[in-house]
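Remarks on the overall topology
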Amino acid sequence: MSADLIHRAGEIIRQGGVVAFPTETVYGLGADAFNPFAVARVFEIKDRPHFDPLIVHISDFREMSRLAVDVPPDAERLITRCWPGPLTIVLFKKEEVPDLVTAGLPTVAVRMPKHPIAIGLIREAGRPIAAPSANPFGYVSPTTADHVREQLGDRVDLILDGGSCEVGLESTIVSFLEERPRLLRPGGLPLEEIEAIIGKVEATAVEVTSPASPGQLPRHYAPKTPIVIEGWENHLQTYRGKRVGLLAYKGTKASFPFHHVGILSPRGDLREAAANLFAAIRRLDVLHLEMILAETVPEEGLGRAIMDRLRRASKRLEVNDTREIQGRIP
Ligand code: TXA
Ligand code: MG
């Protein structure tokens, strides 16, 4: 990508515009983190509820001093080892960080991405960039520029095309607000690697009813087609005659006539599976299937985040779903 284009993108951010850009995890939809008007446009473009705070992206440790009041020792050790990379940390915020960015919370989520275009963009903009994933709220995150174009193309000022995202899953989010660090969202940095550096991390139960991190909402990261992840293998007959797709991990032994089979990693590699997951779900989602059956993957390393996304994608819309929760937020 030309330095000129990144320079122009930085200018757009400084002028209050919105730029979609690649990171190593997924594509982000970025605006000047200190410009509430620009940030408001990001919410509008995504149709994102205002209770859902954004991650602030930085290119240099020094920018942290504008965002967080204090970086506890565990957080510092973790970011020294893992930044730039697929790790977001949540800390108490400086007052000047706009409330819109943090959804009125006293905390801010910060991450230093590991992608030359993302880092280049933040540097050119000369300021931290607030960015959610570049998808309509609740849908699967984009891992290519085409995914962004298809859904938000006419609504953003510029899309920087950096090809496919290497990790393919959103960052792991860890908060440092309590005595012990807490995992808010499993993601592109495996929990095992984090615990090897800072010891035990508290895990939040998957089913939360308050959006401390709306990525934790029961239904999220979801395609339009219903996904079934558990209990289907022994009841395949009930799906006969229906347009059914399979999201397979390594391959399939099933003799069932699936309409389409997406294979995440023929050699059974969880990193490869993670990188392919969202694109595979999108491919299945445009086939007008009645249902997508998904195989489970081992819940270790990146498998934890893969299963987390599959579970949320498979949740049916229920009464206490996102919009309902939105209504209950004081
Ligand atoms: O990999 C990623 O994290 C990507 C790339 C673009 O950086 N971004 C991303 O953003 O996934 P988004 O907005 O789709 O997900 C951010 C998650 C949301 O679940 C949000 O609730 C949570 O981070 N979050 C943001 N600020 C928070 C805070 N102060 N406390 C708790 N959770 C927070
Ligand atoms: Mg998102």
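For the structure given in this document, a descriptive report is provided here.

Conventions and cut-offs
Residues numbered from 1 in each chain as written. Chains lettered and ligands numbered in written order. Predicted model: local features only at pLDDT ≥ 70, side-chain atom pairs only at ≥ 80, totals over all residues. Heavy atoms only, no water. Axes fitted to C-alpha atoms, helices over the stretch in contact; angles between N-to-C directions. Helix = DSSP H or I, 4+ residues; strand = E, 2+ residues; numbered from the N terminus. Parallel < 35°, antiparallel > 145°, perpendicular 65-115°, else oblique. Left-handed = near helix turned anticlockwise from the far one by under 90°. Contact = heavy atoms within 4.5 Å. Nonpolar A, V, L, I, M, F, W, Y, C, P; charged D, E, K, R; others polar. 1 Å grid on protein atoms, 1.4 Å probe; cavity = no way out; pocket = protein on both sides within 12 Å on 5 of 7 lines; lining within 4 Å. Points joined across faces, edges and corners; volume = space filled by probe spheres on them. Domains from an automatic or database assignment. Core = buried A, V, L, I, M, F, W, Y, C linked by side-chain atoms within 4.5 Å. Buried < 20%, exposed > 50% of the residue type's maximum accessible area, 1.4 Å probe, protein only. Pairing = 2+ DSSP bridges.

**Points about the packing of helix α8 (residues 270–285) against helix α9 (residues 303–314)**
Relative to each other, α8 and α9 sit at 20°, their axes nearing to 9 Å. Between α8 and α9, the angle falls in the class roughly parallel. Considering only the axes of α8 and α9, their crossing is left-handed. Where α8 approaches α9, its residues L270, A273, A274, L277, F278 and I281 are matched on the opposing element by G303, I306, R309 and L310. A per-class count over the contact of α8 with α9 returns eight nonpolar, one polar and one charged.

**Remarks on empty space enclosed by the protein**
All chains considered together, the criterion is met by one cavity of 30 Å³ or more. For the largest cavity, the calculated volume is near 50 Å³. In the lining of the largest cavity, the residues fall into seven nonpolar, three polar and one charged. For the lining of the largest cavity, the domains that each give at least three residues are domain 1 (3–203) and domain 2 (227–328).

**Considerations on the nonpolar core**
Formed by 49 residues in total, the largest nonpolar core has its most connected members in L29, W83, L87 and I89. Contributions of two or more residues to this core are made by β2 (28–32), α2 (36–46), α3 (73–82), β4 (87–92), β5 (107–111), α6 (145–152) and α7 (191–198). By residue number, the principal contributor to this core is α2, which donates five residues. Grouped together as the second largest cluster of nonpolar side chains are 27 residues, L247, L289, I306 and A313 included.

**Observations regarding the pairing of β5**
The element β5 is extensively covered by neighbouring structure, given that five of its five residues are classed as buried. Both faces of β5 are covered, namely the face carrying T107, A109 and R111 and the face carrying V108 and V110. Examined bridge by bridge, strand β3 (residues 55–57) and β5 share three bridges and lie parallel to one another. Of the residues in β5, the one forming a bridge with I55 is A109.

**Looking at the sheet that holds strand β8 (residues 172–175)**
Overall, mixed pairing links the 10 strands, which are arranged β7-β1-β2-β6-β3-β5-β4-β8-β9-β10 in an open sheet. The sheet is open, and its two borders are formed by β7 (158–159) and β10 (202–203), each paired with just one other strand. Note: β4 against β5, five bridges, orientation antiparallel. Paired with T88 across the strands is R111, a residue of β5.

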